[in-house]
Amino acid sequence: MDERQPASRASLYRSWPRYEAADKGFRNYWYPAIESRKLGKKPMAVKVVGEPILLMRDGDKVRALHDRCPHRGVPLSAGRNEFPGTISCIYHGWTYRLADGELCAALTDGPDSPICGKAVVRVKTYPVEERANIIWVYVGDQPAPPIEEDVPEEFLAEDAVVIPMIELRKGDWRYAMENAVDEAHARYLHRKTPFAFFRLFPAYQTDVQMVPSEDGKWLRRLSKPVFGPQNYPGVGTWPRDGFWRKAGGQVIVGKARLPGVFYVGHKNWQDFQFFTPVDEQHHLMCQIAVRRTKGLGALWWKLRVWSYIQLFHRIMLNRWEDGFIVEAMDCPPERLFRPDVAIVAWRRWCDLHARGLDGERAAKAEAEAEDGGASVASGDAASSQQASKAELT
Ligand code: FES
Ligand SMILES: [Fe+2]
């Protein structure tokens with residue numbers, strides 16, 4: 001499949017200028033970048049919010065450096081760990097200290113190379129932390145907030161068993177996040193997925209709203225499910241579910257938070273989905289399963305994730321079904337319907353609350369939104385926008 005050009009999507013978010021500008025994500029957040037178990041002493045290349053980053057372990061520390069040698073622009077992640085605490089560029093052996101990015105030797109210019117220590121050849125380093133079996137990086141322009149601001153507290157509980165799976169996916173991170181926010185798609189796209197073979201899905205839902213949590217971090221999705229066969233005038237009856245499907249096991253809670261996180265509360269486990277922007281056309285799909293348990297319970301939980309949940313949920317449902325949609329969808333244009341109130345509310349939430357807007361501009365954006373400045377051209381979408389405004393104010 002040909003990769004679509006970002007320019008073709010630029011006007012989709014024109015009513016939410018900050019969201020539109022965030023084609024590579026919101027910078028001032030901690031993002032999950034790689035599973036801890038996959039990172040060793042060997043340099044690894046990742047890209048987060050458009051920044052190429054070298055990650056590697058250095059003793060008991062994890063280091064993150066801009067993945068570009070200032071000499072001639074070669075990725076440092078192709079280099080060698082020639083001396084302790086350093087990375088040597090593979091091309092001419094410029095050698096940088098991992099802790100602060102300073103050029104401490106230029107091997108092929110001799111021990112007295114005058115370029116060493118100069119500020120112009122220092123490589124940028126990034127704040128990096130390891131929590132809950134995940135390496136998190138921060139590429140923001142503002143000083144990094146404490147990582148606990150961005151890592152959900154459920155990950156940090158003493159008995160939390162956190163099992164991440166992080167993979168590169170094609171598609172704009174916003175499509176992926178909006179797909180998670182979109183409840184209606186689960187009723188149809190996932191209806192026949194093996195993971196939910198025995199579950200009774202609603203046919204549709206009414207009264208979709210996104211409601212901010214008390215701490216202001218989450219937008220919780222609320223709706224009223226309608227079960228059972230429905231008569232669609234002039235078309236027929238749907239759904240036609242098998243007798244073996246039973247109610248229960250449905251998603252209990254669905255909620256979204258910045259910078260691009262969706263939480264799905266299952267009956268006895270929690271599924272966090274982080275959409276780490278890579279560039280305009282790729283994101284890291286971070287599926288993070290969490291359960292509070294200990295001892296044998298923890299062992300059983302790990303077995304369950306690495307077998308059943310891995311195959312049926314993470315791969316068949318999420319990668320093959322959602323991943324296909326996010327890669328294949330092509331908009332603008334778009335024409336929204338009632339369930340998309342949730343998507344519109346999410347876009348607006350980002351526009352108003354993403355970090356990086358100073359106080360004066362934030363107040364102006366809020367005032368413009370109150371004046372209806374965020375309406376959109378399509379009649380359907382405009383009514384959705386109005387609905388979301390009513391629910392959020
Ligand atoms: S490009 Fe890195 S040392 Fe020359
Ligand atoms: Fe889905």
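Residues numbered from 1 in each chain as written. Chains lettered and ligands numbered in written order. Predicted model: local features only at pLDDT ≥ 70, side-chain atom pairs only at ≥ 80, totals over all residues. Heavy atoms only, no water.

Asker: Let's hear about the overall build of the protein: which residues, and what values?
Answerer: On a plain count of helices and strands, the protein comes out with 8 helices and 18 strands. Evaluated residue by residue, the protein yields a buried proportion of 51% over its 393 residues. Per element, the accessible surface of the protein, about 18,900 Å² overall, is 55% carbon and sulfur. (Helix = DSSP H or I, 4+ residues; strand = E, 2+ residues; numbered from the N terminus. Buried < 20%, exposed > 50% of the residue type's maximum accessible area, 1.4 Å probe, protein only. Areas by Shrake-Rupley, 256 points an atom, 1.4 Å probe, with all protein chains shown as cover.)

Asker: I'd like a rundown of the coordination of the iron ion (ligand 2), residues and numbers included.
Answerer: Note on the iron ion (ligand 2): its protein donors are His-185 (NE2), His-190 (NE2), Asp-322 (OD) and Asp-322 (OD). The metal-donor distances range over 2.0 to 2.6 Å. One can describe the site at the iron ion (ligand 2) as irregular: its 4 donor atoms subtend angles covering 55 to 149° at the metal. Residue classification places His-190 among the buried residues on the basis of a relative accessible area of 5%. Asp-322 sits in the buried class, given a relative accessible area of 8%. (Donors = N, O, S within 2.8 Å, 3.2 Å for Na, K, Ca; no water. Tetrahedral: all angles 85-135°; square planar, octahedral: opposite > 155°, others 65-115°.)

Asker: Account for the sheet that holds strand 1 (residues 30-35), with residues named and values stated.
Answerer: Adjacent strands of a sheet form backbone hydrogen bonds with each other and so pair up, either parallel or antiparallel. Taken in spatial order, the 3 strands line up as 1-9-8 in an open sheet, and their pairing is antiparallel. The open sheet has two free edges, formed respectively by strand 1 and strand 8 (128-131), since each of these has just one partner strand. Adjacent strand axes in the sheet meet at a mean angle of 35°, parallel and antiparallel pairs treated alike. Pairing between strand 1 and strand 9 (residues 134-138): 5 bridges, direction antiparallel. The residue of strand 9 that forms the bridge with Trp-30 is Tyr-138. (Pairing = 2+ DSSP bridges. Axes fitted to C-alpha atoms, helices over the stretch in contact; angles between N-to-C directions.)

Asker: Outline unusual backbone geometry, supporting the account with residue identities and numerical values.
Answerer: With omega at 10°, the peptide bond leading from Leu-258 into Pro-259 counts as cis. Structurally, the position occupied by Pro-259 is in the loop between strand 15 (253-257) and strand 16 (261-265). The amide bond that connects Pro-332 to the next residue, Pro-333, takes the cis arrangement and shows omega of 0°. Tracing the backbone shows Pro-333 in the loop between helix 5 (295-328) and helix 6 (341-353). The residue Val-49 is not glycine, and still its phi comes out positive at about 50°. Mapped onto the fold, Val-49 is located in the loop between strand 2 (44-48) and strand 3 (51-58). For Val-49, a relative accessible area of 3% gives the class buried. Here Asp-207, not a glycine, exhibits a phi torsion of approximately 55°, which is positive. Its relative accessible area of 46% is what places Asp-207 among the partly exposed residues.

Asker: Tell me about the environment of Ile-53, residues and numbers included.
Answerer: Tracing the sequence through the fold places Ile-53 in strand 3. For Ile-53, a relative accessible area of 0% gives the class buried. Residues Ile-53 and Lys-124, 71 residues apart in the sequence, show an inter-C-alpha distance of 9.6 Å. Not counting the four nearest positions on each side in its chain, Ile-53 is found in contact with Met-44, Ala-45, Val-46, Val-48, Ala-64, Leu-65, Asp-67, Tyr-126, Val-137 and Val-139. (Contact = heavy atoms within 4.5 Å.)

Asker: Lay out the nonpolar core in plain terms, naming residues and giving numbers.
Answerer: Phe-26, Ile-53, Leu-55, Val-181 and Trp-346 are the most contacted members of the largest nonpolar core, which totals 49 residues. The greatest single-element share of this core, amounting to 7 residues, is contributed by helix 6. Lining this core are residues from two domains, each supplying at least three of them: domain 1 (1-29 + 154-393) and domain 2 (32-147). (Core = buried A, V, L, I, M, F, W, Y, C linked by side-chain atoms within 4.5 Å. Domains from an automatic or database assignment.)

Asker: Outline the pattern of salt bridges, listing residues and values.
Answerer: Following the criterion strictly, the structure yields 23 salt bridges and no others. Ionic pairing is found between Lys-38 and Glu-35, a salt bridge with its closest N-O pair at 3.3 Å. What makes Lys-38 partly exposed here is its relative accessible area of 41%. With a shortest N-O distance of 2.7 Å, Arg-169 and Glu-167 are connected by a salt bridge. What makes Glu-167 buried here is its relative accessible area of 14%. Connected through shared salt-bridge partners, Arg-97, Asp-100, Glu-102 and Arg-122 make up one network. (Salt bridge = Lys/Arg side-chain N within 4 Å of Asp/Glu carboxyl O.)

Asker: Break down helix 5 for me, citing the residues and quoting the values.
Answerer: An α-helical turn contains 3.6 residues, so a residue and the one three or four places further along point in the same direction. If you check helix 5, its first and last C-alpha atoms are just 43 Å apart, much less than what 34 residues at 1.5 Å a residue would give, namely 50 Å. The largest bend in helix 5 amounts to roughly 60° and is located at Gln-310. (Expected span 1.5 Å × (residues − 1). Bend = angle between axes of the 7 residues up to and from the residue.)

Asker: Account for helix 3 (residues 173-181), with residues named and values stated.
Answerer: For helix 3, the tally of buried residues reaches 9 of 9 residues, placing the bulk of the element in the interior. Those residues of helix 3 lying buried are Trp-173, Arg-174, Tyr-175, Ala-176, Met-177, Glu-178, Asn-179, Ala-180 and Val-181. Where helix 3 starts, the residue carrying a side-chain oxygen 2.8 Å from the main-chain nitrogen of Arg-174 turns out to be Asp-172. (Polar contact = N/O pair within 3.5 Å; in protein donor to acceptor, adjacent residues only side chain to side chain.)

Asker: Account for the sheet that holds strand 5 (residues 86-88), with residues named and values stated.
Answerer: Taken in spatial order, the 3 strands of this open sheet run 5-6-7, and their pairing is antiparallel. Two strands lie at the open edges of the sheet, namely strand 5 and strand 7 (103-106), each paired on one side alone. The mean angle between the axes of side-by-side strands here comes to 20°, regardless of whether they run parallel or antiparallel. Bridge count between strand 6 (residues 94-97) and strand 7: 3 bridges; the pairing is antiparallel. Note that in strand 7 the partner of Tyr-96 across the bridge is Leu-103.

Asker: Tell me about the side chain of Thr-293, and name the residues and values.
Answerer: Within the secondary structure, Thr-293 is located in the loop between strand 18 (282-292) and helix 5. Exposure remark for Thr-293: the relative accessible area of 17% places this residue in the buried category. Within the structure, Thr-293 has its side chain in polar contact with the backbone nitrogen of Ala-298 (distance 3.5 Å). Not counting chain neighbours up to four residues away, the residues in contact with Thr-293 comprise Asp-159, Val-161, Ala-298 and Trp-301.

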